[in-house]
Amino acid sequence: MRTLMRGTSFTALTAAVLLTVACGASSQISAGSTISSATAASPVISSPTARPSPGQSAASASAPMTSATATTSVTPATGSSKPSASSSGTASSATIPPSLRGRVISRIPTSRRIVALTFDAGANGDGVDAILRTLARERVPATFFLTGRFADSYPTLARRMSAAGRLGNHSVNHPHLPLLTDARMQAQITGAETTLRRVTGKNPRPLFRFPFGDSTPREIRRVDALGYVAVGWTVDTLGWQGTSGGRSTASVLRRVLAAKTPGEIVLMHVGSHPTDHSTLDANAVPQVISGLRAAGYGFVTLDTLVH
Ligand SMILES: [Zn+2]
């Protein structure tokens, strides 16, 4: 599944075992964690599925076209319970709004036409340069979920990604967390945080994304207890499937636009496909930005969730 085919950390045996699990049951693990309205004032994060899986069309809610044109400095509509701290890296579970705990967030709670472009990095660094150049040229911020292993392997890229927006924690080396003991699972989260802080000087808290999107209530509770919000996505571009998987920059763009809705969280990946070497998400970013802008959308980082 996603990224497993791109990753390099698994032995063949482990990968074979995990593939069996990942492609079957794991996509159902957190299906019960449907998100209900965060607050009365922000009727947002209710998605029909906790997280779209590859091949599943995005939950393309018909967007309530109400708000004014968004900018990149948008105040979130998280209601009265929003915290006062987070980007300082001092966030703890106490500072995470209750509405963001106990679940995987698949959309920013807002009625504004804003989108968060997010990039997961766990494989190689291909495409990062193009992505960063596009974001800088268009003055669009993004959120980057890095594994500790990626930051160790590509420290310069990790620092540049951090400077281009917001970092998030994507575990140490991208295992299926539900398969780990409590201790090992927690070490994946805290170990990545330590590495990201050492390499970039920035704390990825309070943003965490589960490898493969795999979680059960146990992992979500632990993530929350460590001061993180579990962030999923509204739409997976499936660019990671590559040209050999039948994808194209056009299909990436189509999926993003079909799912556009206030607070859309777009999942993309850095790195090239392991066999066809395509970098479809990187290639599609310029069109994704212009397409969303044409529809009246602006761009934010996932800091918007907690600020
Ligand atoms: Zn990943």
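What counts and how
- Residues numbered from 1 in each chain as written.
- Predicted model: local features only at pLDDT ≥ 70, side-chain atom pairs only at ≥ 80, totals over all residues.
- Heavy atoms only, no water.
- Phe/Tyr/Trp six-rings, centres within 6.5 Å; stacked < 30°, edge-to-face > 60°.
- Helix = DSSP H or I, 4+ residues; strand = E, 2+ residues; numbered from the N terminus.
- Buried < 20%, exposed > 50% of the residue type's maximum accessible area, 1.4 Å probe, protein only.
- Salt bridge = Lys/Arg side-chain N within 4 Å of Asp/Glu carboxyl O.

Visitor: In this structure, what is going on with the packing of aromatic side chains? I would like to understand it.
Guide: Each aromatic ring pair is described using two quantities: the centre-to-centre distance and the angle formed by the ring planes. A full pass over the atoms with the stated rule returns four aromatic pairs. Consider the rings of F119 and F144, whose centres lie 5.5 Å apart with planes at 20 degrees: the pair is stacked. A residue pair is termed long-range when its members are at least 10 positions apart, and F119 in strand β2 (residues 114-121) and F144 in strand β3 (residues 142-146) qualify at 25 residues. By relative accessible area, which is 0% here, F119 ends up buried.

Visitor: Whenever I open this one, unusual backbone geometry confuses me. Can you help?
Guide: Leaving glycine out, the prevailing phi sign among residues is negative, and the prevailing peptide bond configuration is trans. In the segment running from R205 into P206, the intervening peptide bond is cis, with an omega of 5 degrees. Relative to the elements of secondary structure, P206 occurs in the loop between α5 (182-200) and β5 (207-208). Here R139, not a glycine, exhibits a phi torsion of approximately 55 degrees, which is positive. Relative to the assigned elements, R139 resides in the loop between α2 (128-138) and β3. In this structure R139 comes out as exposed when scored by relative accessible area, which is 70%. Positive phi is not limited to glycine here, since H174 has a value of about 65 degrees. Mapped onto the fold, H174 is located in the loop between β4 (165-169) and α5.

Visitor: Help me understand the pattern of salt bridges in this model?
Guide: For side chains of opposite charge, pairing can occur when their charged atoms come near one another. Applying the stated rule across the entire model yields 10 salt bridges. Across the pair D182 and R218 runs a salt bridge, and its minimum N-O distance is 2.7 Å. Here R218 lies in helix α6 (residues 217-225) and D182 lies in helix α5, a separation of 36 residues in the sequence. Relative accessible area serves as the criterion here: at 39%, D182 is assigned to the partly exposed category. A residue is classified by how much of its surface remains accessible, and R218, at 23% relative accessible area, is partly exposed.

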